[in-house]
Amino acid sequence: MKPVDQITCPVCQTPLSDAARVCPDGGCGYRLPEGYVAGCREAPPLPIAAIGYSGHGKTHLLAAMVLTIRELTLRPWAEEATLEVLDDQTRAKLQDWIDHADNNQALPPTEFRPERPTPMILRVAGLFPPRTLLVYDVAGQSFHDMTKADQCLPALRDAQTVWFVLSPHDLERPPDEGETPSADRRSRDLMFLFGAYKTAMSKLEAKLEGRSAVVVVAKGDKLGDKAPDLRDYLDSDPLRAEAAESSERFSLKSCEEGLRQMSLKVEDYVGRVRDVRNLVGLLRKERIEVAFCVTSALGKDAVPGLQAGDASVDAPWARQRVLDPMIWTLLQEKQRSAAQVHLILDPGGEGGVGYPALGGRGLPELLWERLPRHQGLRTWMLGEAGAATAPGQPPPGQPLAKCRCRLLGPLLEPWSQAEPLGGRVVLVTNQLVLDLEDFRSGPWAKRLLLVTTSDRPEVREQWPQVKLIRTVEDLGEVTRFLSPGH
Amino acid sequence: MNHNTLELDRANFPMIWVESLQAYLHWIPVTKIQFEYFLWESSFSRLDQEWLDRVYKLNPRVTPKKIGKGNYWRAFLTGVAPVEAEQYATWCGEAADGLQYSLPTAEEWQKAYREMQGRPCHPLEQDQAAWGRLSDRVQTLLTQLRLSLSAPKHLADQMLFDGGVLEWVSTAAHADADSGWGGYGQTNRSFEFTGMYLNRLFPVKSVPKGPDDNAGRAPYNGFRLLRRERA
């Protein structure tokens, strides 16, 4: 039970009720795996949305990632790690990937379908906090046309982090025989790829600001002497199959520092590739947080076979650093949580509906005007389960109803478990909150600021950090509390 | 079929397997914190702040850290009507596929009580699988509650069948309660003592019918629920 985002249908993103077994009317009718919604409350969904042109290695990367997770759960130190497959379609696709890997075969190109994809649904626990992975494997053609990506990958709306999977080797190679220069250009220009993403997000009515991207340099094994640092990094992957016996226990924390250092090196390398440099500039212009990593799903070249789409490798897949994009996705999520600011508003009670006010204007409105950055700010109403706004939106102008119950615990308790290191709360109320004292001695003591215009001592004494607002100047202390460096 | 000793309800409070009922039963009577989760999520508009103020006035709330020998009963939700307890049961069941929650019948309560009298105390904190899933607040509440009890002899004592609240049970087949509801259990004498006996049904002739009805709303009436697989 978490007050986090609504659990949505993994196919069409329609909100789901707790008891839903199929996607409801108005949605797509998709039959959900047994206990899907309840399971997602324990293991929140993590959409894995990879964007990239055909032949740049998206499918191989996704397959290598899932196969690596599967293998890690079998390692001796991972007694409590599990990978659960939630439906038959996922089982069939995973088996296909296993068969190809076991037979040293490369995967065929993903077939283009101008429709919403059904993701692979896998539940992972014991390696990192439990998550339901929604793995969307869509064809590169989905991004050739700027107007199709929203239909081919509507999950982009829910994916706070997207992966731009690109192979510099393929960006820089000469056109294939028979390929027209314009078609060749269209399938490589990352400006169009970004355009497809931006258009899709606009059509899906989702904001870009505050989201994250991982620029994945795929087929890193082909970098050769152009980037010896990156090659060395790939070769030293502690999770690779050959290192299974000697490998140390996997943890996000142990990976973090290495990943950050390597991101700088990969950024330095891709800065020399014109198209990628342009893509990064476009992402940052939209205030999208960008991280970089390098992977190799096969570790070697695939050799074309006799039939179209058939290819083999001369030895087992040598997966290198293929978990890095997912680890970055989790790290970026943690960063967003740490920067998240929750504004909890008391809409008033028996004395009348309305926010605490100053000079006839509500405190939320006055606060919003003074905040330098809004991207992490999200508003909640005291006593209500759902968020009143999406991150970055202004608080509702006027409350419509009085406070149903003056309780905070159902919000704070799950946040404590989900984001132990970050997140701050500003509670705006002129009343007593019934359960606030329950959190007085815990981590919230320094992370929650009570803001009030009430002179009643019992209101001010209910929490250690209180700001009594008498003039608009007093709001400066609240904005300082909310500033990122506080 | 194997059953874990402990499971959690929708508000993440523990329930224990009762062999004689083939069902899980709340470890302790339902607390205010549990019910607050329900109030916060439910769509029953009449269960609002006003209702909460009225009910909490009968048996005021205590923060988990301040639970002690002289006030631990304030952790439990009392003053509640059976129909409100049933609404909580429905809410718990909404999130659990194939499971249903219900108030016990008088016979079920007695069976559970007898079984727990025959079982030794269970060190909840050492049950890592369940304990680790509890929030800090719930852990604090359960720890403080344990420290408040003086030397429980068996599991029934630890689960506060005695010394907790007078628990609502349905008595449809019981002759001495014409309301269809009765009470089992015995409260702590410092809380309320109205001649209730642990082993005998306390017939309740007048029960509140809903959120607006205060008749029969007593400070010592609480409840715990059974959870079993849906038939």
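Structure shown above.
All values reported here derive from a predicted model rather than from experimental measurement.

## Observations regarding the overall build of chain A
Argument step 1. Helices and strands together make up the secondary structure of chain A, namely 15 helices and 18 strands.
Argument step 2. A buried classification covers 53% of the 486 residues belonging to chain A.
Argument step 3. Within chain A, contacts between residues separated by at least 24 positions form 71% of all contacts whose residues are at least 6 apart in sequence.
Argument step 4. Accessible surface for chain A amounts to roughly 21,300 Å². Of this, 50% is attributable to carbon and sulfur atoms.

## Side note on the side chain of Thr429(A)
All names here are of chain A.
Argument step 1. With respect to the helices, strands and loops of the structure, threonine 429 is situated in the loop between strand E16 (424-428) and strand E17 (448-452).
Argument step 2. Using a relative accessible area of 0% as the deciding quantity, one classes threonine 429 as buried.
Argument step 3. Within polar-contact distance, the side chain of threonine 429 engages the backbone nitrogen of glutamine 431 at 3.0 Å.

## Description of the interface of chain B and chain A
Argument step 1. The interface of chain B with chain A comprises 29 residues on the first partner and 30 residues on the second.
Argument step 2. For the chain B and chain A pair, buried surface summed over both sides reaches about 2,500 Å², with 48% attributable to carbon and sulfur atoms.
Argument step 3. At the boundary of chain B with chain A, the tally comes to 5 salt bridges.
Argument step 4. Summed over the shared surface of chain B and chain A, the result is 13 residue pairs in polar contact (both at pLDDT 80 or more).
Argument step 5. Sorting the residues of the side of chain B that touches chain A by element identifies helix H1 (32-41), helix H2 (49-58), helix H3 (82-94) and helix H6 (136-148) of chain B as the ones contributing at least two each.
Argument step 6. With 6 residues, the single largest contributor to the side of chain B that touches chain A is H1(B).
Argument step 7. The residue inventory of the side of chain B that touches chain A, partitioned by class, reads 14 nonpolar, 4 polar and 11 charged.

## With respect to a nonpolar patch on the surface
Residues and elements named next belong to chain A.
Argument step 1. Judged by side-chain polarity, Met146, Met191 and Phe192 come together as a nonpolar surface patch covering roughly 240 Å² of accessible area.
Argument step 2. You can see methionine 191 is positioned in helix H7 (residues 190-203).
Argument step 3. You can call methionine 191 partly exposed: its relative accessible area is 39%.

## Thoughts on the packing of helix H12 (residues 363-370) of chain A against helix H15 (residues 475-482) of chain A
Residue and element names in this part refer to chain A.
Argument step 1. Running from N to C, H12 and H15 cross one another at 60°; their axes reach a closest spacing of 10 Å. When the axes of H12 and H15 are compared, the pair comes out oblique. For the element pair H12 and H15, the recorded crossing hand is right-handed. For the pair formed by H12 and H15, the contact residues are Leu363, Leu366, Leu367 and Arg370 on the first element and Leu475, Val478 and Thr479 on the second.
Argument step 2. Taken together, the residues of the contact of H12 with H15 sort by class into 5 nonpolar, 1 polar and 1 charged.

## Focus: the pattern of salt bridges
For side chains bearing opposite charge, pairing can occur when the charged atoms are close.
Argument step 1. Throughout the structure, instances matching the rule amount to 37 salt bridges over all chains.
Argument step 2. The salt bridge partner of Asp170(A) is Lys219(A), with a shortest N-O separation of 2.9 Å. Of the two residues, Asp170(A) is situated in helix H5 (residues 168-172) and Lys219(A) in the loop between strand E6 (212-217) and helix H8 (228-235); the sequence distance between them amounts to 49 residues.
Argument step 3. Asp170(A) gets classed as buried once you look at its relative accessible area, which sits at 9%.
Argument step 4. Residue Arg137(B) is joined to Asp435(A) by a salt bridge in which the shortest nitrogen-to-oxygen separation is 3.9 Å. Taken together, the residues Arg137(B) in helix H6 and Asp435(A) in the loop between E16 and E17 connect one chain to another. The pair Arg137(B) / Asp435(A) is uniform in exposure class, with both members buried.
Argument step 5. Through salt bridges with shared partners, a single network forms among Glu413(A), Asp435(A), Asp438(A), Glu36(B), Arg61(B) and Arg137(B).

## Concerning the packing of aromatic side chains
Residue and element names in this part refer to chain B.
Argument step 1. Scanning the model with the defined rule gives 18 aromatic pairs over all chains in all.
Argument step 2. With a centroid separation of 5.8 Å and an interplanar angle of 85°, the aromatic rings of phenylalanine 38 and tyrosine 88 are classed as edge-to-face. Remark: tyrosine 88 occurs in helix H3 and phenylalanine 38 occurs in helix H1; sequence separation between them is 50 residues.
Argument step 3. According to the relative accessible area criterion, phenylalanine 38 is buried, its value standing at 0%.
Argument step 4. Exposure remark for tyrosine 88: the relative accessible area of 0% places this residue in the buried category.
Argument step 5. For the pair tryptophan 109 and tyrosine 184, a centre-to-centre distance of 4.9 Å together with 5° between the ring planes defines the contact as stacked. Of this pair, tryptophan 109 sits in helix H4 (residues 106-117) while tyrosine 184 sits in strand E7 (residues 181-184), and the two are 75 residues apart along the sequence.
Argument step 6. Relative accessible area serves as the criterion here: at 6%, tyrosine 184 is assigned to the buried category.

## Comments concerning the sheet that holds strand E6 (residues 166-170) of chain B
All names here are of chain B.
Argument step 1. In spatial order, the strands read E9-E7-E6-E10; together these 4 strands make up an open sheet with mixed pairing. With one partner strand each, in any of the chains shown, strand E9 (202-203) and strand E10 (221-222) form the two edges of the open sheet.
Argument step 2. Summarising the sheet, E6 and E10 pair through 2 bridges and their orientation is parallel. Within E10, the residue paired with glutamate 167 across the bridge is glycine 222.
Argument step 3. Sitting on the sheet, H4 touches E6 and E7, and the angle it makes with E6 is about 130°.

## A closer look at H3(B)
Owing to its 3.6 residues per turn, the α-helix brings residues three or four apart onto one side.
Argument step 1. The first and last C-alpha atoms of H3(B) sit 18 Å apart over 13 residues, in line with the 18 Å expected at 1.5 Å per residue.
Argument step 2. All of the buried residues along H3(B) are Pro82(B), Glu84(B), Ala85(B), Gln87(B), Tyr88(B), Ala89(B), Trp91(B), Cys92(B) and Gly93(B).

## Description of the pairing of strand E2 (residues 14-18) of chain B
Residue and element names in this part refer to chain B.
Argument step 1. Buried residues dominate E2, accounting for 5 of its 5 residues.
Argument step 2. Alignment of strand E1 (residues 6-8) against E2, held across 3 bridges, turns out to be antiparallel. If you follow leucine 8 over to E2, its bridge partner there is proline 14.
Argument step 3. Taking the residues between adjacent antiparallel strands as the criterion, E1 and E2 are bridged by 5 residues, where asparagine 12 takes a positive phi near 65°.
Argument step 4. Connecting E2 to the antiparallel partner strand E3 (residues 23-26) that follows it, the hairpin turn spans 4 residues, and glutamine 22 within it adopts a positive phi of roughly 50°.

## A closer look at the side chain of Gln49(B)
Argument step 1. With respect to the helices and strands, the residue Gln49(B) is situated in helix H2.
Argument step 2. In this view, Gln49(B) contacts Cys403(A), Arg404(A), Cys405(A), Arg406(A) and Leu434(A); residues no more than four positions away in its chain are not counted.

Calculation rules
Residues numbered from 1 in each chain as written. Chains lettered and ligands numbered in written order. Predicted model: local features only at pLDDT ≥ 70, side-chain atom pairs only at ≥ 80, totals over all residues. Heavy atoms only, no water. Helix = DSSP H or I, 4+ residues; strand = E, 2+ residues; numbered from the N terminus. Buried < 20%, exposed > 50% of the residue type's maximum accessible area, 1.4 Å probe, protein only. Contact = heavy atoms within 4.5 Å. Areas by Shrake-Rupley, 256 points an atom, 1.4 Å probe, with all protein chains shown as cover. Polar contact = N/O pair within 3.5 Å; in protein donor to acceptor, adjacent residues only side chain to side chain. Buried area = accessible area lost by both parts, 1.4 Å probe. Salt bridge = Lys/Arg side-chain N within 4 Å of Asp/Glu carboxyl O. Nonpolar A, V, L, I, M, F, W, Y, C, P; charged D, E, K, R; others polar. Patch = residues over 30% accessible without salt bridge, like charges linked within 9 Å, V, L, I, M, F, W, Y side chains within 5 Å. Axes fitted to C-alpha atoms, helices over the stretch in contact; angles between N-to-C directions. Parallel < 35°, antiparallel > 145°, perpendicular 65-115°, else oblique. Left-handed = near helix turned anticlockwise from the far one by under 90°. Phe/Tyr/Trp six-rings, centres within 6.5 Å; stacked < 30°, edge-to-face > 60°. Pairing = 2+ DSSP bridges. Expected span 1.5 Å × (residues − 1).

What is shown is where atoms sit, not what they do.
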